[in-house]
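Topology and contacts: notes
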Amino acid sequence: MGVIKTKGVILARSNMGDNDQMVTILTPDLGKIGVAAKGSRRPKSTLMAGTQFLCFADLVIYKSVGSYNLNSCEPIEIFYNIRLDIDKLTVASEIAKIINDVTEENDNCYNVLRLLLNTLYVISETDKDLKFVLSIFKIRLLSIIGYRPEIEKCTECGEKTNLKYFSFKNHGVKCQACGKQDRSAMEISEATLKALRFIIWADAKKVFSFDIPDDDKKQLEILSKIYLNNCVEKEYE
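Residues numbered from 1 in each chain as written. Predicted model: local features only at pLDDT ≥ 70, side-chain atom pairs only at ≥ 80, totals over all residues. Heavy atoms only, no water.

Once that is clear, we can look at the overall build of the chain. Secondary structure assignment for the chain yields 7 helices and 8 strands. Along the longest, intermediate and shortest principal axes, the C-alpha atoms of the chain span 65 × 35 × 30 Å. When burial is assessed residue by residue, the chain has 48% of its 237 residues classed as buried. Of the contacts formed within the chain by residues at least 6 apart in sequence, a portion of 55% connects residues at least 24 apart. Per element, the accessible surface of the chain, about 12100 Å² overall, is 47% carbon and sulfur. Taking the 33 positively charged and 32 negatively charged side chains of the chain as two groups, their mean positions are separated by 3 Å. (Helix = DSSP H or I, 4+ residues; strand = E, 2+ residues; numbered from the N terminus. Buried < 20%, exposed > 50% of the residue type's maximum accessible area, 1.4 Å probe, protein only. Contact = heavy atoms within 4.5 Å. Areas by Shrake-Rupley, 256 points an atom, 1.4 Å probe, with all protein chains shown as cover. Lys, Arg positive; Asp, Glu negative; His and termini not counted. Charge placed at Lys NZ, Arg CZ, Asp CG, Glu CD.)

Written as structure tokens, this is what we have:
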């Protein structure tokens, strides 16, 4: 129990009574926590700005037995451009939902938070293909939370060359011979394989700094969607 100073991104909000909110916050050290923001819906509340959806803020939280209460918050970044574009907001909302689903209280979420902030920045400040951004986010997130696919050798025979398939059953690539025998596998191009390697191994600040042809983007979109759904056992549209 006591006062905690941290930073976090608002993943979700729900109203309580006439003036209060319960906000779900992703923090680097406390994991995902639900925090009561009392009075935050009042027009002159000092908590209003810092409890907006997707706002990244400095937070002062009081922890009591079984609950968190927000004492103060100071916005660091509100990703304003996302609020002006319905397509950007739709993708950002899906990203927030996915992170809400795969994180828990007391998780070490430093790397997940860093990925979220980098992703929101790219969505807000660039014109990068949003579906491509979402695909990159999904693969990188899964790699962070324990579902990193094998992308250097065949998951069946260990072959390191002629890797032409991605197996959802075996969580990684397969050579042409093994891939043809796997009904769960999809054929992938050399560009898609290189993209997977870059997404998994690149520095956090550079993970979005590449491009591939449109056909390979579509392939990566399908792969990332199916792989995420299989790993977390939930269907995302």
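As for its placement among the helices and strands, phenylalanine 132 is situated in helix H4 (residues 130-144). Residue class for phenylalanine 132 comes out buried when judged on its relative accessible area of 2%. As a C-alpha pair, phenylalanine 132 and asparagine 170 span 38 residues in sequence and 24 Å in three-dimensional space. In contact with phenylalanine 132, not counting residues within four places along its chain, are Phe210, Asp211, Ile212, Lys217 and Leu220.

Next up on the list: the pairing of strand S1 (residues 2-16). Summarising the sheet, S1 and strand S4 (residues 56-64) pair through 8 bridges and their orientation is antiparallel. Within S4, the position partnered with isoleucine 4 by the bridge is isoleucine 61. With 7 bridges connecting them, S1 and strand S2 (residues 20-27) associate as antiparallel partners. Note on S2: the bridge partner recorded for isoleucine 10 is isoleucine 25. (Pairing = 2+ DSSP bridges.)

Inspection of the entire model under this criterion finds 4 aromatic pairs. With a centroid separation of 5.3 Å and 75 degrees between ring planes, the pair formed by phenylalanine 132 and phenylalanine 210 is classed as edge-to-face. Highlighted residues: phenylalanine 132 in helix H4 and phenylalanine 210 in the loop between helix H6 (190-201) and helix H7 (214-232), separated in sequence by 78 residues. For the pair phenylalanine 132 and phenylalanine 210, a shared accessibility class is recorded, and that class is buried. Taken together, the ring pairs in this structure connect Phe132, Phe198 and Phe210 into an aromatic cluster. Just above the ring of phenylalanine 132 sits the side chain of lysine 217; from NZ or CZ to the centre is 5.1 Å. (Phe/Tyr/Trp six-rings, centres within 6.5 Å; stacked < 30°, edge-to-face > 60°. Lys NZ or Arg CZ within 6 Å of the ring centre and 35° of its normal.)

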